[in-house]
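Below are the chains, spelled out letter by letter.
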Amino acid sequence: ILNGTIYIGSGKAVYGDDSSSSLVLTKHVPYTEVSVSGVKLDRQYPKAGDTVQVTAVISNDGMLPETKPVTVTFTKNGEVIGTQEIQRIPGGGSESVSVYTDMPEDISGTVFSAYIGSSEPVSVKAQRGAQLVFDNGAVSYFRGDGYTEARYAYTASVENTGNDTS
(Lines give C-alpha, C1' and ligand atoms only; values in the text may rest on other atoms or scores of the structure.)
Protein backbone atom coordinates (compact mmCIF):
# COMPACT_ATOMS: atom_id res chain seq x y z
CA ILE A 1 0.00 0.00 0.00
CA LEU A 2 1.42 3.31 -1.06
CA ASN A 3 -0.46 6.60 -0.58
CA GLY A 4 -3.79 4.77 -0.16
CA THR A 5 -3.31 2.70 -3.33
CA ILE A 6 -2.87 -1.06 -3.26
CA TYR A 7 -0.30 -2.54 -5.62
CA ILE A 8 -0.35 -6.28 -6.26
CA GLY A 9 2.54 -7.78 -8.16
CA SER A 10 3.73 -11.14 -9.36
CA GLY A 11 6.65 -12.19 -11.50
CA LYS A 12 8.25 -15.18 -13.13
CA ALA A 13 11.75 -15.74 -14.34
CA VAL A 14 13.21 -18.91 -15.82
CA TYR A 15 16.96 -19.06 -16.37
CA GLY A 16 19.03 -21.34 -18.52
CA ASP A 17 16.66 -21.66 -21.45
CA ASP A 18 14.90 -19.44 -23.96
CA SER A 19 12.10 -18.32 -21.60
CA SER A 20 11.64 -14.66 -20.94
CA SER A 21 10.95 -13.04 -17.59
CA SER A 22 7.59 -11.42 -16.91
CA LEU A 23 6.24 -9.09 -14.26
CA VAL A 24 2.57 -8.27 -13.68
CA LEU A 25 1.67 -5.27 -11.54
CA THR A 26 -1.94 -4.46 -10.71
CA LYS A 27 -3.00 -1.16 -9.22
CA HIS A 28 -6.18 -1.05 -7.09
CA VAL A 29 -7.55 2.15 -5.61
CA PRO A 30 -9.90 1.34 -2.69
CA TYR A 31 -13.31 2.97 -2.84
CA THR A 32 -16.58 3.35 -0.94
CA GLU A 33 -19.87 1.99 -2.25
CA VAL A 34 -22.74 3.05 -0.01
CA SER A 35 -26.36 1.97 -0.58
CA VAL A 36 -29.61 1.14 1.20
CA SER A 37 -29.54 -2.64 1.55
CA GLY A 38 -32.86 -3.12 3.37
CA VAL A 39 -35.92 -1.50 4.94
CA LYS A 40 -38.13 -3.06 7.62
CA LEU A 41 -40.97 -2.23 10.00
CA ASP A 42 -40.84 -3.02 13.72
CA ARG A 43 -44.01 -5.17 13.48
CA GLN A 44 -45.42 -7.42 10.81
CA TYR A 45 -49.07 -6.30 10.93
CA PRO A 46 -49.37 -2.67 12.10
CA LYS A 47 -52.86 -1.34 12.80
CA ALA A 48 -54.38 1.96 11.68
CA GLY A 49 -53.14 4.75 13.96
CA ASP A 50 -50.21 2.70 15.35
CA THR A 51 -46.83 4.38 15.62
CA VAL A 52 -44.30 2.24 13.73
CA GLN A 53 -40.53 2.29 13.56
CA VAL A 54 -39.13 2.23 10.02
CA THR A 55 -35.49 1.07 9.91
CA ALA A 56 -33.08 1.25 6.98
CA VAL A 57 -29.83 -0.69 6.79
CA ILE A 58 -27.08 1.23 4.98
CA SER A 59 -24.19 -0.87 3.66
CA ASN A 60 -20.73 0.08 2.45
CA ASP A 61 -19.60 -2.59 0.00
CA GLY A 62 -16.31 -0.80 -0.64
CA MET A 63 -13.00 -1.35 1.14
CA LEU A 64 -12.61 2.18 2.46
CA PRO A 65 -14.71 3.64 5.27
CA GLU A 66 -17.24 6.28 4.19
CA THR A 67 -16.20 9.29 6.23
CA LYS A 68 -18.48 11.88 4.61
CA PRO A 69 -21.94 12.19 6.23
CA VAL A 70 -24.58 10.07 4.49
CA THR A 71 -28.17 11.38 4.61
CA VAL A 72 -30.92 8.76 4.44
CA THR A 73 -34.39 9.98 3.41
CA PHE A 74 -37.49 8.05 4.53
CA THR A 75 -40.88 8.22 2.77
CA LYS A 76 -44.41 6.91 3.36
CA ASN A 77 -46.41 6.53 0.14
CA GLY A 78 -43.91 8.84 -1.58
CA GLU A 79 -44.06 11.68 0.99
CA VAL A 80 -40.97 12.43 3.07
CA ILE A 81 -41.47 11.48 6.74
CA GLY A 82 -37.92 12.15 7.95
CA THR A 83 -34.19 12.03 7.39
CA GLN A 84 -31.29 10.59 9.38
CA GLU A 85 -27.58 11.23 8.98
CA ILE A 86 -24.81 8.67 9.43
CA GLN A 87 -21.37 10.11 10.15
CA ARG A 88 -19.20 7.08 9.29
CA ILE A 89 -19.73 3.63 7.74
CA PRO A 90 -16.77 1.22 7.90
CA GLY A 91 -15.53 -0.47 4.73
CA GLY A 92 -17.42 -3.75 4.31
CA GLY A 93 -19.76 -2.76 7.14
CA SER A 94 -23.24 -1.39 7.68
CA GLU A 95 -25.19 0.94 9.95
CA SER A 96 -28.91 1.16 10.75
CA VAL A 97 -31.02 4.30 11.17
CA SER A 98 -34.72 4.65 12.00
CA VAL A 99 -37.64 7.07 12.02
CA TYR A 100 -41.08 6.81 13.63
CA THR A 101 -44.38 7.55 11.92
CA ASP A 102 -48.09 6.88 12.39
CA MET A 103 -50.01 4.43 10.23
CA PRO A 104 -52.85 5.96 8.17
CA GLU A 105 -56.49 5.02 8.75
CA ASP A 106 -56.46 2.89 5.59
CA ILE A 107 -53.24 0.91 5.77
CA SER A 108 -53.79 -1.10 2.58
CA GLY A 109 -51.07 -0.35 0.06
CA THR A 110 -48.97 1.71 2.48
CA VAL A 111 -45.35 1.66 1.26
CA PHE A 112 -42.34 2.80 3.27
CA SER A 113 -39.08 3.58 1.47
CA ALA A 114 -35.55 4.80 2.16
CA TYR A 115 -32.98 6.22 -0.24
CA ILE A 116 -29.67 8.06 -0.37
CA GLY A 117 -29.33 11.06 -2.70
CA SER A 118 -30.69 10.24 -6.16
CA SER A 119 -30.47 6.45 -5.75
CA GLU A 120 -33.47 4.18 -6.28
CA PRO A 121 -35.49 3.77 -3.07
CA VAL A 122 -35.66 0.42 -1.27
CA SER A 123 -39.20 -0.29 -0.03
CA VAL A 124 -41.32 -2.41 2.27
CA LYS A 125 -45.11 -2.64 2.15
CA ALA A 126 -47.30 -2.81 5.24
CA GLN A 127 -49.02 -6.19 5.33
CA ARG A 128 -52.57 -7.08 6.26
CA GLY A 129 -53.11 -10.21 8.26
CA ALA A 130 -54.29 -11.87 11.41
CA GLN A 131 -51.74 -12.80 14.04
CA LEU A 132 -53.20 -15.04 16.72
CA VAL A 133 -51.42 -15.09 20.07
CA PHE A 134 -52.22 -17.85 22.53
CA ASP A 135 -52.13 -16.67 26.14
CA ASN A 136 -50.55 -19.68 27.84
CA GLY A 137 -51.49 -18.46 31.30
CA ALA A 138 -55.18 -18.23 30.45
CA VAL A 139 -55.88 -21.94 29.98
CA SER A 140 -58.41 -23.20 32.48
CA TYR A 141 -60.41 -26.35 32.97
CA PHE A 142 -63.30 -27.38 35.13
CA ARG A 143 -65.13 -30.58 35.89
CA GLY A 144 -67.84 -31.69 33.51
CA ASP A 145 -71.48 -31.28 34.38
CA GLY A 146 -72.09 -35.01 34.96
CA TYR A 147 -74.43 -35.28 31.96
CA THR A 148 -71.71 -35.73 29.32
CA GLU A 149 -68.92 -38.25 28.92
CA ALA A 150 -66.24 -35.57 29.13
CA ARG A 151 -64.81 -35.25 32.59
CA TYR A 152 -63.27 -31.84 32.02
CA ALA A 153 -63.95 -28.84 29.81
CA TYR A 154 -61.11 -26.55 28.72
CA THR A 155 -61.07 -22.89 27.77
CA ALA A 156 -58.21 -20.85 26.31
CA SER A 157 -57.58 -17.19 25.61
CA VAL A 158 -56.46 -16.24 22.09
CA GLU A 159 -55.88 -12.64 20.99
CA ASN A 160 -55.62 -11.35 17.43
CA THR A 161 -52.73 -8.85 17.49
CA GLY A 162 -52.82 -8.42 13.70
CA ASN A 163 -54.66 -5.85 11.63
CA ASP A 164 -57.18 -8.15 9.90
CA THR A 165 -59.98 -10.43 11.00
CA SER A 166 -59.24 -14.05 11.77
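Structure first, text after, so check above.
With that out of the way, let us pick up unusual backbone geometry. For Asn 77, which is not glycine, the phi torsion reads 50° and is therefore positive. Tracing the backbone shows Asn 77 in the loop between β5 (70–76) and β6 (79–86).

Inspection of the entire model under this criterion finds three salt bridges. Between Arg 43 and Asp 42 there is a salt bridge, with the nearest N and O atoms lying 3.5 Å from each other. You can call Asp 42 partly exposed: its relative accessible area is 40%. Residue Arg 43 pairs with Asp 50 through a salt bridge whose shortest N-O separation is 3.2 Å. The structure contains a network of salt bridges with shared partners spanning Asp 42, Arg 43 and Asp 50.

Before going further, it helps to spend a moment on the nonpolar core. Among the nonpolar cores identified, the biggest contains 20 residues, and Val 54, Ala 56, Ile 58, Val 72 and Phe 74 are the most heavily contacted of them. Listed by contribution, the elements that provide at least two residues to this core are β3 (34–41), β4 (51–60), β5, β7 (94–102) and β8 (111–116). Looking at this core element by element, the count peaks at four residues for β4.

Another aspect to go through is the sheet that holds β7. If you trace the three strands from one edge of the open sheet to the other, you get β3-β4-β7, paired in antiparallel fashion. Each of the sheet's edge strands pairs with one partner strand only, and the pair in question is β3 and β7. Within this sheet the neighbouring strands show an average axis-to-axis angle of 25°, counted without direction. Taken together, the nine bridges between β4 and β7 define a ladder with antiparallel strand orientation. When the sheet's bridge partners are listed, Thr 51 is paired in β7 with Asp 102.

A cluster of nonpolar residues, Leu 132, Phe 134 and Val 158, forms a patch on the protein surface that exposes about 300 Å² of accessible area. Examined against the element boundaries, Leu 132 turns out to sit in strand β10 (residues 132–143).

Let's shift gears to the side chain of Ser 113. Mapping Ser 113 onto the fold places it in strand β8. By relative accessible area, which is 7% here, Ser 113 ends up buried. For Ser 113, the side chain forms a polar contact with the side chain of Ser 123, separated by 2.5 Å. If we ignore the near neighbours within four places in the chain, the residues touching Ser 113 are Thr 73, Phe 74, Thr 75, Pro 121, Val 122 and Ser 123.

Moving on, we get to the pairing of β4. Buried residues dominate β4, accounting for seven of its 10 residues. Here β3 runs beside β4; their pairing, made up of seven bridges, is antiparallel. If you follow Gly 38 over to β4, its bridge partner there is Val 57.

On the secondary structure map, Tyr 100 appears in strand β7. Note on Tyr 100: relative accessible area 54%, which makes it exposed. For the pair formed by Tyr 100 and Gly 82, sequence separation is 18 residues and the distance between their alpha carbons is 8.4 Å. Each residue touching Tyr 100, except ones within four places of it in the same chain, is listed here: Thr 51, Val 52 and Gln 53. A distance of 3.4 Å separates polar atoms of two side chains, one belonging to Tyr 100 and the other to Gln 53.

Analysis parameters
Residues numbered from 1 in each chain as written. Predicted model: local features only at pLDDT ≥ 70, side-chain atom pairs only at ≥ 80, totals over all residues. Heavy atoms only, no water. Helix = DSSP H or I, 4+ residues; strand = E, 2+ residues; numbered from the N terminus. Salt bridge = Lys/Arg side-chain N within 4 Å of Asp/Glu carboxyl O. Buried < 20%, exposed > 50% of the residue type's maximum accessible area, 1.4 Å probe, protein only. Core = buried A, V, L, I, M, F, W, Y, C linked by side-chain atoms within 4.5 Å. Pairing = 2+ DSSP bridges. Axes fitted to C-alpha atoms, helices over the stretch in contact; angles between N-to-C directions. Patch = residues over 30% accessible without salt bridge, like charges linked within 9 Å, V, L, I, M, F, W, Y side chains within 5 Å. Areas by Shrake-Rupley, 256 points an atom, 1.4 Å probe, with all protein chains shown as cover. Polar contact = N/O pair within 3.5 Å; in protein donor to acceptor, adjacent residues only side chain to side chain. Contact = heavy atoms within 4.5 Å.

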